[in-house]
Amino acid sequence: MELRFLTKPKKTSLLIYPVFEKEKAGNAALRKILAELAAAREFEAKSEQTFFLFGKAGNLPMRVILLGLGEAKKLNIASVMSAFGAAIKKSAAHRSKEIGVLLNKELYPFAEAIGEALVMGSYQPSAAYKTGKALNKLRGQSVKTLEIVGVAKKDIQSAFRKGVAVANAVNEVRDWVNAPPNFANAKFFDDKAAEIAKETGAKLTILRKKELEKLGMGALLGVNRGSPDEARLTILDYSPNSADPKEPPLVFVGKGILFDSGGYNLKPRGYIEDMQLDKAGAAAVLALIKLAQKLGIAKRIIAVAPFTENLIGGHALKPSEILKTYSGKTVEITNTDGEGRLVLADAIAYAIDQFKPKYLIDVATLTGACMVALGDRYAGLFGNDENLIEKLRAAGEEVDELLWPMPLHKDHNKKMKGVYADLRNADLGSERDAGASKGAAFLQEFIGKTKWAHLDIAGPAWTGDPKKYETKGATGFGVRVLVRFLENNG
Ligand code: BES
Ligand code: ZN
Ligand code: ZN
């Protein structure tokens, strides 16, 4: 999508024209139309309301989408993003390739969020799997050019540009996460990581079976045994010259289960279908490296992503097995569907050993329990450092990717002690009780004294009830909150 800044709307484009409730603005012809529409209760500029106008209103283009923003004083990030998401979706229905967007001064403080909402709202699930008429239809709906009208100030333009860049990364993450496991396999992410390395100058390391064996990553290898593809531990080390060499790196670890069948504790119908989503954490941390470079974040940032499928088969992991993790701690497998914590255990312990981070943040679609507790609006937020937790929570609020602090108690850790081994990966018999906290407690066993936060994104990574700037399926959750956290000097 191309981005242009214009002083006047292009007559042939479809123009998104924001209107505040109870406000009399615009040219005389438009004012008259707005008054008539309000009287007829067709369009009252309530938030997210849209109305398609055809025919010249004064000097405006032929095709205009009036966009309600509600009352100016009640504007907030969520309402602005929803409204512009609604508008761009509406414009897609009119099959316009060139979209103008009028930005009045009141909207300048939201320029970045509007850029995000417009680009995120114009996301369409990949056309790669369609052919013929269905493919043409999808192509016909994609926006080619965005023309922003009324923004001469350079700083507002660059805020908008930044929103667009972030949203492009979010959309890419959505593509990766939506992609089924026969497309988005281990090789796919090898290639993506290589592309990111090339683009950003980050150093790429991909550890495969032989190296993982040498390092003793029995947990990641154990989960991998049912898969025909080798596991990977993919590491992107972004170390710009601008970073302070005395500051330890910031490490982000993402769960990359390419498909979670549950393993021998097989997921039933209704739970297994969308389990390509289980790589959402890994996708988010890889994209973060790309954005760190694009936005010029002057910090050494390392993304670590363990990739494997969780499948069944003659070699696959079985309940009752005991695995030795990279850390040396042993784990008895009480449930093969608790695979995320296993692959993360090795990735986390290794990352801490290797990089001695300032702090480590992991992002994972870890537990169904967290989804049950918080739904698709909030991710669960855990950790061992109040300051880090609060910074993440605040960043989430700023960009409306919400994180809710969840309890982590030593009794949760107790429940994860093994009967035969040091630990067990699921609290047998009552997996679901406090499942999110116990998942976090298991991870904590591999953290030691490092400052740490854990984002359980099982709920918001995927949605059946999309917001105005989302579509069904992958949301790209995590990217925006982590970027903002980094920008706030996290
Ligand atoms: N990938 C799932 C969690 C999940 C469920 C993510 C639904 C998104 C939507 C994870 O690997 C899992 O199955 N966790 C188990 C843990 C249990 C066996 C301790 C769960 O949540 O039931
Ligand atoms: Zn699972
Ligand atoms: Zn999983």
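Use the structure listed above.
This write-up is about the structure you can find in this document. Note that this is a predicted model, so its numbers are computed, not measured.

1. Structural notes on the sheet that holds strand β3 (residues 50-54)
Next, step 1: The strand order across the open sheet built from six strands is β1-β6-β5-β2-β4-β3, with neighbouring strands paired in mixed fashion. With partners counted over all chains shown, the strands left at the sheet margins are β1 (2-6) and β3, one partner each. Neighbour-to-neighbour, the strand axes of the sheet open up by a mean angle of 25°, direction not taken into account.

2. Thoughts on the coordination of the zinc ion (ligand 2)
Next, step 1: Taken together, the protein ligands of the zinc ion (ligand 2) are Asp260 (OD), Asp337 (O), Asp337 (OD) and Glu339 (OE), with distances of 2.0 to 2.2 Å.
Next, step 2: Given six donor atoms and angles of 73 to 170° at the metal, the environment of the zinc ion (ligand 2) is assigned as irregular.
Next, step 3: One chain supplies every donor for the zinc ion (ligand 2), spaced along it as D-x76-D-x1-E.
Next, step 4: A separation of 3.2 Å is found between the zinc ion (ligand 2) and the zinc ion (ligand 3), which share aspartate 260 as a coordinating residue.
Next, step 5: Judged by its relative accessible area of 0%, glutamate 339 falls in the buried class.

3. Overview of a nonpolar patch on the surface
Next, step 1: On the surface, Tyr264, Leu266 and Ile312 cluster together to form a nonpolar patch covering roughly 280 Å² of accessible area.
Next, step 2: When you line up the elements, isoleucine 312 lands in the loop between β11 (301-310) and β12 (322-324).

4. Regarding the packing of aromatic side chains
Next, step 1: Applying the stated rule across the entire model yields nine aromatic pairs.
Next, step 2: Taken together, a centroid distance of 5.0 Å and an interplanar angle of 75° make the contact between phenylalanine 188 and phenylalanine 189 edge-to-face.
Next, step 3: Ring geometry for tyrosine 326 against tyrosine 350: centres 5.5 Å apart, planes inclined by 80°, an arrangement best described as edge-to-face. Residue tyrosine 326 is found in the loop between β12 and β13 (330-332), and its partner tyrosine 350 is found in helix α10 (residues 339-355); the two are separated by 24 residues along the sequence. When sorted by exposure, tyrosine 326 lands in the same class as tyrosine 350, which is buried.
Next, step 4: An aromatic cluster is defined as three or more aromatic residues linked by ring pairs; in this entry it consists of Trp176, Phe188, Phe189 and Phe307.
Next, step 5: Above the face of the phenylalanine 188 ring, lysine 192 is positioned so that its terminal group lies 5.0 Å from the ring centre.
Next, step 6: The ring of phenylalanine 446 carries the charged tip of lysine 329 above its face, separated from the ring centre by 6.0 Å.

5. Considering the coordination of the zinc ion (ligand 3)
Next, step 1: The protein atoms that coordinate the zinc ion (ligand 3) are Lys255 (NZ), Asp260 (OD), Asp278 (OD) and Glu339 (OE), at distances spanning 2.0 to 2.4 Å.
Next, step 2: Every donor counted, the six donor atoms about the zinc ion (ligand 3) form angles of 79 to 173° at the centre, which fits octahedral coordination.

6. What about empty space enclosed by the protein?
Over the atoms, a rolling probe the size of a water molecule traces out where space has been left empty.
Next, step 1: A full pass over the atoms with the stated rule returns one cavity of 30 Å³ or more.
Next, step 2: Roughly 40 Å³ of volume is contained in the largest cavity.
Next, step 3: When residues of the lining of the largest cavity are traced back to their parent elements, those giving at least two are α3 (111-121) and α15 (479-487).
Next, step 4: Top element by residues in the lining of the largest cavity is α15. It accounts for four residues.

7. Comments concerning the site of ligand 1
Next, step 1: Lining the immediate environment of ligand 1, one finds 18 residues, of which Lys267, Asp278, Asp337, Glu339 and Gly368 sit closest.
Next, step 2: One of the side-chain N or O atoms of lysine 267 is found 2.9 Å from an oxygen atom in ligand 1.
Next, step 3: The separation between a nitrogen atom of ligand 1 and a polar main-chain atom of threonine 365 is 3.5 Å.
Next, step 4: Among the detected pockets, ligand 1 sits in the largest pocket.
Next, step 5: Elements with a contribution of two residues or more to the shell around ligand 1: α10 and α11 (368-374).
Next, step 6: Class assignment of the residues belonging to the shell around ligand 1 gives a composition of six nonpolar, five polar and seven charged.

The rules behind these values
- Residues numbered from 1 in each chain as written.
- Chains lettered and ligands numbered in written order.
- Predicted model: local features only at pLDDT ≥ 70, side-chain atom pairs only at ≥ 80, totals over all residues.
- Heavy atoms only, no water.
- Pairing = 2+ DSSP bridges.
- Helix = DSSP H or I, 4+ residues; strand = E, 2+ residues; numbered from the N terminus.
- Axes fitted to C-alpha atoms, helices over the stretch in contact; angles between N-to-C directions.
- Donors = N, O, S within 2.8 Å, 3.2 Å for Na, K, Ca; no water.
- Tetrahedral: all angles 85-135°; square planar, octahedral: opposite > 155°, others 65-115°.
- Buried < 20%, exposed > 50% of the residue type's maximum accessible area, 1.4 Å probe, protein only.
- Patch = residues over 30% accessible without salt bridge, like charges linked within 9 Å, V, L, I, M, F, W, Y side chains within 5 Å.
- Areas by Shrake-Rupley, 256 points an atom, 1.4 Å probe, with all protein chains shown as cover.
- Salt bridge = Lys/Arg side-chain N within 4 Å of Asp/Glu carboxyl O.
- Phe/Tyr/Trp six-rings, centres within 6.5 Å; stacked < 30°, edge-to-face > 60°.
- Lys NZ or Arg CZ within 6 Å of the ring centre and 35° of its normal.
- 1 Å grid on protein atoms, 1.4 Å probe; cavity = no way out; pocket = protein on both sides within 12 Å on 5 of 7 lines; lining within 4 Å.
- Points joined across faces, edges and corners; volume = space filled by probe spheres on them.
- Near = heavy atom within 4 Å.
- Polar contact = N/O pair within 3.5 Å; in protein donor to acceptor, adjacent residues only side chain to side chain.
- Sits in = over half its atoms within 2 Å of the grid points.
- Nonpolar A, V, L, I, M, F, W, Y, C, P; charged D, E, K, R; others polar.

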